[in-house]
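# An overview of the molecular structure
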Amino acid sequence: STQSYESKTLISLPGETFHLGAIVWWQSAPWMIVSLDMQDEVYTRATMTLCNYLLKWINKDGNIIERWCILEDKNNSGSSGIDDNLTVGDARIQVRLAKDEESRQITRDQRFLIDDEDVTGSGDVVAYEVTKIYRAGNLYRGEGTYRYILQECNRTSRDNTELMIADYYDIPYSPVKKDTLGEGYSLKILSNEGIVAINSSSEITVQI
């Protein structure tokens, strides 16, 4: 079906089926299967939605995880389940991810960098943190998708805006800590000053 630009209907061949949350590559783009028809005796009907962002984060083992997802603006009235009388000053978005071992471990307050790739590495990259988790509503036979509501938050010095990964340099998750820091490197002090007085500071120039 081509009635919608960002959502397509699929019908499987007889005897075959689709999996809820699966990523389908069609027209050189990733699409996520977001719904299934329970009637599947002859064929399976499904709906897939165009993925519009490659989300990146660090898992608990310090590995970089990348997953295609669906981002939606959640600043419209009534879209988040929060009382409309409350004043919300920061941007809020919804992230839909396929259920897997990595997405299952995303927690409340976890931070992400989400922005246009053209601003990668700049000081304008926007950071978000998870404020609401909704896992149970779109699962079938153990497969499906999770939804997370994220709210804009401050960036920190722990974020890597080149790789677009929040808390990249955070202890205990940083991939940097997997390597032996300093291995294969040496530091040469170039400053002549060799004495630093108590309660004072001194600038030391080094060469790697």
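Coordinates for the structure precede this section.
Presented here is a report on the structure given in the accompanying data block. Computed from a predicted structure; not experimentally measured.

### Remarks on the sheet that holds strand 3 (residues 29-36)
Taken in spatial order, the four strands make up an open sheet running 1-4-3-2, and their pairing is antiparallel. Strands with a single pairing partner mark the edges of an open sheet, and in this sheet they are strand 1 (7-11) and strand 2 (23-26). This sheet shows a mean twist of 40° between the axes of neighbouring strands, independent of strand direction. Across five bridges, strand 3 lies against strand 4 (residues 45-50) in antiparallel orientation. Across the sheet, residue L36 finds its bridge partner in strand 4, namely A46.

### A word on the environment of L50
As for its placement among the helices and strands, L50 is situated in strand 4. As for L50 and E6, which are separated by 44 residues in sequence, their C-alpha atoms are 5.2 Å apart. Not counting residues within four places of it along the chain, the set of residues in contact with L50 comprises E6, A29, P30, W31 and I70.

### Some details on the pattern of salt bridges
Between side chains of opposite charge, a pair can form when the charged atoms approach closely. Enumeration over the complete set of coordinates arrives at six salt bridges. D167 is the salt-bridge partner of R158, the closest N and O atoms lying 3.1 Å from each other. One continuous salt-bridge network, built from bridges that share partners, spans R111, R158, D159 and D167.

Cut-off values and rules
- The residue numbers shown here count from 1 along each chain, following its written sequence.
- Where local features are concerned, this predicted model is filtered to residues with pLDDT of at least 70; where side-chain atom pairs are given and counted, the filter is 80 or more; whole-chain, interface and lining totals use all residues.
- Water and hydrogen atoms play no part in the side-chain values, which are based on all heavy atoms of the structure.
- When DSSP locates at least two bridges between a pair of strands, those strands are taken to pair.
- The secondary structure listing takes helices from DSSP runs of H or I that are at least 4 residues long and strands from runs of E that are at least 2 residues long, numbered from the N terminus.
- A fitted line through C-alpha atoms represents every axis, and for helices the fit uses only the stretch in contact; the resulting angles, taken between N-to-C directions, go from 0 to 180 degrees.
- Contacts are residue-level and defined by heavy atoms, with any inter-residue pair within 4.5 Å sufficient.
- Here, a salt bridge means any Lys or Arg side-chain nitrogen found within 4 Å of an Asp or Glu carboxyl oxygen.

Everything listed here is a matter of geometry and, on its own, says nothing about what the molecule does.
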